[in-house]
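What follows is the residue order along each chain.
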2 protein chains.
Amino acid sequence: MFQAGDPMGYFYKVTKGIALIFRSLQDGRRQIVGVHSIGDLCGYLEKDATYNFSGVALTDVEACSFHRRRFDDLVARNPDLGSALANDMSDKLKRAAEHMAVLGQLKSTERVAYFLLQLAEVYNRKMAQSEPLQLHLTREQIADHLGLRLETVSRSFTVLKNNRLIGLVGSDAVAILDRRRLAEFARLGTV
Amino acid sequence: MFQAGDPMGYFYKVTKGIALIFRSLQDGRRQIVGVHSIGDLCGYLEKDATYNFSGVALTDVEACSFHRRRFDDLVARNPDLGSALANDMSDKLKRAAEHMAVLGQLKSTERVAYFLLQLAEVYNRKMAQSEPLQLHLTREQIADHLGLRLETVSRSFTVLKNNRLIGLVGSDAVAILDRRRLAEFARLGTV
DNA sequence: CGGTTAATTGATCCTGTTCAAACTAAGTGG
DNA sequence: CCACTTAGTTTGAACAGGATCAATTAACCG
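Residues numbered from 1 in each chain as written. Chains lettered and ligands numbered in written order. Predicted model: local features only at pLDDT ≥ 70, side-chain atom pairs only at ≥ 80, totals over all residues. Heavy atoms only, no water.

A short note on the overall build of chain A
Turning to step 1, where the next piece is worked out: From N to C terminus, chain A includes six helices and nine strands.
Turning to step 2, where the next piece is worked out: A burial count over chain A gives 49% of its 191 residues as buried.
Turning to step 3, where the next piece is worked out: Considering only residue pairs separated by 6 or more positions, chain A has 67% of its internal contacts joining residues 24 or more positions apart.
Turning to step 4, where the next piece is worked out: Put simply, chain A shows about 9000 Å² of open surface, and 50% of that area lies on carbon and sulfur atoms. (Helix = DSSP H or I, 4+ residues; strand = E, 2+ residues; numbered from the N terminus. Buried < 20%, exposed > 50% of the residue type's maximum accessible area, 1.4 Å probe, protein only. Contact = heavy atoms within 4.5 Å. Areas by Shrake-Rupley, 256 points an atom, 1.4 Å probe, with all protein chains shown as cover.)

Structure representation (structure tokens):
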């Protein structure tokens, strides 16, 4: 889709499928900073002349692309659009701050539990409710999202499975068996 | 200032000093998601009826407070204001995504190096250039920002000191001796 | 089928945590 | 002025959670 360093021309609004936004370091380490599905904007945040992050389509993705400059003009003439944009960003910011707490404070299995609930919520909100939950991400991509290694993610899955919190259907689908206890596991309740 | 769960009335624009924004878990773990200084908005992101995060003043802080509802009206009538807001959020979002990479991928000393450069940049941009750099944060607060323990932060400081990258002036001020090598240490170059 | 890619599982190692003690700096009151 | 407190920092030793390396198994596809 687009890559960090590319000159910025367009940004996208996803209308179908899933896209990952990530940041890479020189040595190959990678942080997936966002999982974007229907309705999400990507590539907008960058106000510099180049993209700061890279985006890649995970499933088949359909998206509307907007020319950035012309869109800005449009926003200037249409306040509603601007506030929709602000809402989108505000929501992303909230999610981002929460994800920081996940990366900074939770331990491996808690992170994976959180990830599953998060993903389930995104899907339920935006797409046909699917049970079991289709991941669409490899263990390595999940790991890069959660700041872990793929082996650790795999082990966490089996821990959750052994505790009868989830069930694995093949290796790309998960059935959430006990949402309540899973949420306790992902102990992200505010105080 | 304000606390997660409080009903949302006002938000703030810092005009002097430093404020920390954080998220707490039940068991006392804490993630500091933002260090806000002059010009930054805080408490705005929440579009729900209550704050999602807590804010606390670190130094003496002066801030303009805005009534959220009335401000929204003002924005609706003044497009420039809206786009300034969008810029602020876009910038925060970029920083947030970068911090996720820090939390997810860097190891302890790299994180501390990154933190110092980040702080130096914020100060240089917003306040009188001060050399040495005044931290204003305790080791524990830094730890909560970087997803580490205070002991680890302390050890990282001594590592950086022993490598002659920084010097400690008292325990709340740092002199950056070799910015270049420090930046290499904080290996957050995009690819 | 066989061949390829991803996932699981095991064993070992290392980074950061935890617990504990010593040290520093800034008050406070006799 | 100095003993005593208190909060924060540094340092040490033991421990544990993930990382790493390596081998095995499972799923997928021509």
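Notes on the protein's contact with DNA strand C
Turning to step 1, where the next piece is worked out: The immediate surroundings of DNA strand C are formed by 17 residues, with Arg139, Ser154 and Thr158 of chain A together with Ser108 and Thr152 of chain B found nearest.
Turning to step 2, where the next piece is worked out: Within 4 Å of the protein, the contacting atoms of DNA strand C are drawn from sugar and phosphate to the extent of 62%.
Turning to step 3, where the next piece is worked out: For DNA strand C, a phosphate oxygen lies 2.7 Å from a polar atom in the backbone of Ser108 of chain B.
Turning to step 4, where the next piece is worked out: The contact in question runs from a phosphate oxygen of DNA strand C to an N or O atom on the side chain of Arg149 of chain B, over 3.0 Å.
Turning to step 5, where the next piece is worked out: Partitioning the surface near DNA strand C into residue classes produces three nonpolar, seven polar and seven charged. (Near = heavy atom within 4 Å. Polar contact = N/O pair within 3.5 Å; in protein donor to acceptor, adjacent residues only side chain to side chain. Nonpolar A, V, L, I, M, F, W, Y, C, P; charged D, E, K, R; others polar.)

Overview of the protein's contact with DNA strand D
Turning to step 1, where the next piece is worked out: Around DNA strand D sit 17 residues, and of these Lys107, Ser108, Arg149 and Thr152 of chain A together with Arg139 of chain B come closest.
Turning to step 2, where the next piece is worked out: Counting only the atoms of DNA strand D that lie within 4 Å of the protein, the sugar and phosphate share comes to 67%.
Turning to step 3, where the next piece is worked out: With respect to DNA strand D, the side chain of Arg139 of chain B contributes an N or O atom lying 2.5 Å from a phosphate oxygen.
Turning to step 4, where the next piece is worked out: Ser154 of chain B has a polar side-chain atom sitting 2.8 Å from a phosphate oxygen of DNA strand D.
Turning to step 5, where the next piece is worked out: For the surface near DNA strand D, the elements supplying multiple residues, two or more each, are helix H5 (150–162) of chain A together with helix H5 (150–162) of chain B.
Turning to step 6, where the next piece is worked out: When its residues are assigned to classes, the surface near DNA strand D shows three nonpolar, seven polar and seven charged.

Regarding the relation of the copies chain B and chain A
Turning to step 1, where the next piece is worked out: Aligned on chain A, chain B shows an RMSD of 0.0 Å; the corresponding rotation is 180 degrees and the shift along the axis is 0.0 Å. Viewed as a symmetry operation, the transformation between the two copies matches a two-fold axis. (Least-squares fit on C-alpha atoms with pLDDT ≥ 70 in both.)

A closer look at helix H4 (residues 139–146) of chain B
Residues and elements named next belong to chain B.
Turning to step 1, where the next piece is worked out: For H4, the tally of buried residues reaches seven of eight residues, placing the bulk of the element in the interior.
Turning to step 2, where the next piece is worked out: Restricting attention to buried positions, one finds in H4 the residues Arg139, Gln141, Ile142, Ala143, Asp144, His145 and Leu146.
Turning to step 3, where the next piece is worked out: Directly beyond the C-terminal end of H4, a positive phi value near 70 degrees is found at Gly147.

Quick notes on the sheet that holds strand S3 (residues 30–36) of chain A
All names here are of chain A.
Turning to step 1, where the next piece is worked out: A sheet is described by the order of its strands in space; here three strands give the open sequence S3-S2-S5, paired in antiparallel fashion. Here the strands that pair on one side only, and so sit at the sheet edges, are S3 and strand S5 (54–57). Pairwise comparison of adjacent strand axes, ignoring direction, gives a mean angle of 30 degrees for this sheet.
Turning to step 2, where the next piece is worked out: Both strand S2 (residues 19–24) and S3 contribute to a ladder of six bridges, which runs antiparallel. Following the sheet pairing, Ile21 is matched in S3 by Gly34.
Turning to step 3, where the next piece is worked out: Across the sheet, helix H4 (residues 139–146) touches S2 and S3, and the angle it forms with S3 is around 100 degrees. (Pairing = 2+ DSSP bridges. Axes fitted to C-alpha atoms, helices over the stretch in contact; angles between N-to-C directions.)

Remarks on the packing of helix H1 (residues 68–77) of chain B against helix H2 (residues 79–105) of chain B
Residues and elements named next belong to chain B.
Turning to step 1, where the next piece is worked out: One can describe the packing of H1 onto H2 by two numbers: an axis separation of 5 Å at closest approach and a directional angle of 110 degrees. Comparing the axis directions of H1 and H2 gives the class roughly perpendicular. The residues of H2 that touch H1, namely those facing Phe71, Leu74, Val75 and Arg77, are Pro79, Leu81, Gly82 and Leu85.
Turning to step 2, where the next piece is worked out: The class makeup of the residues in the contact of H1 with H2 is six nonpolar, one polar and one charged. (Parallel < 35°, antiparallel > 145°, perpendicular 65-115°, else oblique.)

Describing the packing of aromatic side chains
Turning to step 1, where the next piece is worked out: By the definition in use, this model includes zero aromatic pairs over all chains.
Turning to step 2, where the next piece is worked out: Over the face of the ring belonging to Phe157 of chain A we find Arg139 of chain A, whose NZ or CZ atom lies 4.4 Å from the ring centre. (Phe/Tyr/Trp six-rings, centres within 6.5 Å; stacked < 30°, edge-to-face > 60°. Lys NZ or Arg CZ within 6 Å of the ring centre and 35° of its normal.)

What to know about the interface of chain B and chain A
Turning to step 1, where the next piece is worked out: Each partner contributes residues to the interface: chain B has 45 residues there, and chain A has 45 residues.
Turning to step 2, where the next piece is worked out: Across the chain B/chain A interface, buried area totals approximately 4300 Å², and carbon plus sulfur atoms make up 59% of it.
Turning to step 3, where the next piece is worked out: Looking only at chain B, the three residues that lose the most surface to chain A are Leu93, Met100 and Gln105 of chain B, adding up to 17% of its buried area.
Turning to step 4, where the next piece is worked out: Where chain B touches chain A, the interface holds four salt bridges.
Turning to step 5, where the next piece is worked out: Linking Glu110 of chain B and Arg29 of chain A is a salt bridge whose minimum nitrogen-to-oxygen distance equals 3.4 Å.
Turning to step 6, where the next piece is worked out: Across the contact surface, chain B and chain A share ten residue pairs in polar contact (both at pLDDT 80 or more).
Turning to step 7, where the next piece is worked out: Put simply, the parts of the chain that give the side of chain B that touches chain A at least two residues each are strand S2 (19–24), strand S3 (30–36) and H2 of chain B.
Turning to step 8, where the next piece is worked out: For the side of chain B that touches chain A, the element with the most residues is H2 of chain B, which contributes 18 residues.
Turning to step 9, where the next piece is worked out: Grouping the constituent residues of the side of chain B that touches chain A by class yields 18 nonpolar, twelve polar and 15 charged. (Buried area = accessible area lost by both parts, 1.4 Å probe. Salt bridge = Lys/Arg side-chain N within 4 Å of Asp/Glu carboxyl O.)

Re the environment of Thr158 of chain A
Residues and elements named next belong to chain A.
Turning to step 1, where the next piece is worked out: Positionally, Thr158 belongs in helix H5.
Turning to step 2, where the next piece is worked out: Along the backbone, Thr158 and Thr109 are 49 residues apart, and their C-alpha atoms lie at a distance of 9.7 Å.
Turning to step 3, where the next piece is worked out: In this structure the side chain of Thr158 is engaged in a polar contact, spanning 2.8 Å, whose partner is the backbone oxygen of Arg155.

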